[in-house]
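# Structural overview for review
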Amino acid sequence: MIGSVQRAMRLLETVAEHPYGAPAKQLARETGLALPTAYHLLRTLVHEGYLRREKGLFFLGEAAERLSSSGAQQKRRSTVVDTLARWRDAIGVPVYYARYHEGEIDVVCVSDTPGIPAVQEWADFRETGHAHAIGQCLLSQLDEESRRDHLARYPVRSVTPYTVRDDHHLQRRLDSMRRTEPVVECQEYALGTVCAALPITIGTTAATMAISLPAHQADRLLPAALQLQHEAGRLLGSLAISISI
C-alpha cells in the first residue's frame with residue numbers, strides 16, 4: 001500500500017465530515033497524523049483542487065465535489081439500469097427509458113438480451129420521433145410551442161408504409177393522447193415491430209418508459225404495457241431522482 005495516498009484519503013474523508021471547515025491541527029488530531037505531515041498533505045490537496053482553505057479552515061474543493069457529483073450520477077444511472085433489467089425479465093420484453101432533453105429525444109437506457117432483443121435504431125430516433133411510440137409519447141407531453149419547434153426541425157416523413165402521413169394527422173393523434181394511457185404504434189418505425197410507451201412527467205421533464213415486441217406477438221403488447229405501468233407506478237417515487245439523469 002502507498003502510505004501517503006492512504007493518509008491523504010483519510011484527510012479528505014475527515015474534511016468531508018466538517019461541512020463548516022476544520023483547522024489543520026484538528027484534522028491532524030482526528031486522523032492520527034503528525035502535524036507536519038498533515039500540513040504537507042493539506043497543502044498538496046489544496047494545490048490539486050481537492051481541498052480549499054479559507055481563514056485557516058479546510059473545506060472540500062471543486063475537484064472533490066466533481067468526484068462526488070460524478071459518483072452520485074453513476075449510482076442513479078445504475079439504479080435505472082437495474083430496475084429496467086428487473087422489469088425486462090419479469091415481463092419478458094425489452095424495456096426503454098427516454099426523455100426529452102434540451103430539445104432532443106434522448107434514449108437514455110435500453111435493457112434487452114439476445115433472447116429479448118430491442119428494436120435496432122436503423123433511422124435516427126431523434127429525427128423520427130413522429131414514427132415511434134417513444135417519440136410520440138414525448139411529443140404529446142410538450143407544450144404547443146416546443147412541439148412546433150421540434151417538428152420544424154424534424155418534419156414528418158415516411159419511415160415505413162405505416163408511418164403517420166403528415167403533420168396534420170400527427171397533431172391530431174398527439175392531441176388525443178391521454179396522460180394515463182399507453183401510446184401504441186404498429187410498424188410505423190420498424191416493419192415487423194409494435195411498440196408501446198408510457199408517459200412519465202417528473203417536474204418539467206417529459207419522459208417515458210417503453211416496450212417493444214415482434215408484430216406477430218401484438219396481442220401481448222397492451223397487457224405487457226399495463227404490467228409495466230403498474231410496476232413503474234409502484235416505484236416511481238423512489239426512482240424520480242434517478243430517472244432524471
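To be clear, the structure that these remarks concern was listed above.
Residues numbered from 1 in each chain as written. Predicted model: local features only at pLDDT ≥ 70, side-chain atom pairs only at ≥ 80, totals over all residues. Heavy atoms only, no water.

## Quick notes on the overall build of the protein
Secondary structure assignment for the protein yields 8 helices and 7 strands. Taking all 245 residues of the protein together, 43% fall into the buried category. Considering only contacts within the protein whose residues lie at least 6 apart along the sequence, 58% involve residues at least 24 apart. On the protein, roughly 13500 Å² of surface is accessible, and the fraction owed to carbon and sulfur atoms is 52%. (Helix = DSSP H or I, 4+ residues; strand = E, 2+ residues; numbered from the N terminus. Buried < 20%, exposed > 50% of the residue type's maximum accessible area, 1.4 Å probe, protein only. Contact = heavy atoms within 4.5 Å. Areas by Shrake-Rupley, 256 points an atom, 1.4 Å probe, with all protein chains shown as cover.)

## Observations concerning the nonpolar core
The biggest cluster of nonpolar side chains holds 28 residues, and the ones touching the most others in it are Tyr96, Val119, Ile134, Leu138, Leu170 and Tyr189. Taken together, the elements giving at least two residues each to this core come down to strand S3 (95-101), helix H5 (133-141), helix H7 (167-176), strand S6 (193-202) and strand S7 (205-214). Element by element, the count of residues in this core is highest for H5, at 5 residues. For Leu138, the residues in contact, after removing those within four places along its chain, are Ala98, Arg99, Tyr100, Ile105, Ala206, Ala207 and Thr208. Leu84, Tyr97, Cys109 and Ala207 belong to the second-largest nonpolar core, a separate cluster that totals 22 residues. (Core = buried A, V, L, I, M, F, W, Y, C linked by side-chain atoms within 4.5 Å.)

## Remarks on H7
Within the sequence span of H7, burial applies to Leu170, Gln171 and Leu174. Around the axis of H7, the buried residues are gathered within 100° of arc, so they sit on the same side. Across from the buried face of H7, at angles greater than 90 degrees, the exposed residues are Arg172 and Ser176. Where H7 is buried, its residues meet H5 and helix H6 (144-153). Taking the backbone nitrogen of His168 as reference, a side-chain oxygen 3.2 Å away marks Asp166 as the first, capping residue of H7. (Arc of directions from axis to C-beta. Polar contact = N/O pair within 3.5 Å; in protein donor to acceptor, adjacent residues only side chain to side chain.)

## Some words on the pattern of salt bridges
A complete count under the given rule lists 10 salt bridges for this structure. Glu104 is paired through a salt bridge with Arg153; the nearest N and O atoms lie 3.3 Å apart. Of the two residues, Glu104 sits in strand S4 (residues 104-111) while Arg153 sits in helix H6, which places them 49 residues apart along the sequence. Residue Glu104 is classed as partly exposed on the basis of its relative accessible area of 21%. Between Asp124 and Arg126 there is a salt bridge, with the nearest N and O atoms lying 3.0 Å from each other. (Salt bridge = Lys/Arg side-chain N within 4 Å of Asp/Glu carboxyl O.)

## Quick notes on a nonpolar patch on the surface
Where nonpolar side chains cluster on the molecular surface, the patch consists of Val184, Leu222 and Leu226 and spans about 240 Å² of accessible area. For Leu226, the position within the fold is in helix H8 (residues 221-239). (Patch = residues over 30% accessible without salt bridge, like charges linked within 9 Å, V, L, I, M, F, W, Y side chains within 5 Å.)

## Focus on the pairing of S7
Burial analysis of S7 places 8 of its 10 residues in the buried class, the great majority of the element. Here S3 runs beside S7; their pairing, made up of 5 bridges, is antiparallel. Within S7, the position partnered with Val95 by the bridge is Ile211. (Pairing = 2+ DSSP bridges.)

## Digging into unusual backbone geometry
Although it is not a glycine, Lys55 adopts a positive phi angle of roughly 50°. Within the element layout of this structure, Lys55 appears in the loop between strand S1 (51-54) and strand S2 (57-60). At Glu102, a residue that is not glycine, the phi angle is positive and equals roughly 50°. Tracing the sequence through the fold places Glu102 in the loop between S3 and S4.

## A word on the packing of aromatic side chains
Under the criterion given, the structure shown has 2 aromatic pairs. With 6.2 Å between their ring centres and 45° between their planes, Trp122 and Tyr189 make a pair best called tilted. One end of the pair, Trp122, is in the loop between S4 and H5; the other, Tyr189, is in the loop between strand S5 (183-186) and S6, and 67 residues separate them in sequence. Taking relative accessible area as the criterion, Tyr189 reaches 2% and is therefore assigned buried. One aromatic cluster is present, formed by Trp122, Phe125 and Tyr189 through successive ring pairs. (Phe/Tyr/Trp six-rings, centres within 6.5 Å; stacked < 30°, edge-to-face > 60°.)

## Focus on the packing of helix H2 (residues 24-31) against helix H3 (residues 35-47)
Two elements in contact, H2 and H3, have axes separated by 9 Å at closest approach and are oriented at 115°. Viewed along their axes, H2 and H3 adopt a mutual orientation that is roughly perpendicular. Relative to H3, the crossing made by H2 is right-handed. Where H2 abuts H3, its residues Ala24, Lys25, Leu27 and Ala28 lie against Leu35, Ala38, Tyr39 and Leu42. A breakdown of the residues in the contact of H2 with H3 according to their chemical character gives 7 nonpolar, no polar and 1 charged. (Axes fitted to C-alpha atoms, helices over the stretch in contact; angles between N-to-C directions. Parallel < 35°, antiparallel > 145°, perpendicular 65-115°, else oblique. Left-handed = near helix turned anticlockwise from the far one by under 90°. Nonpolar A, V, L, I, M, F, W, Y, C, P; charged D, E, K, R; others polar.)

Scope: geometric values only; no functional claims are made or implied.
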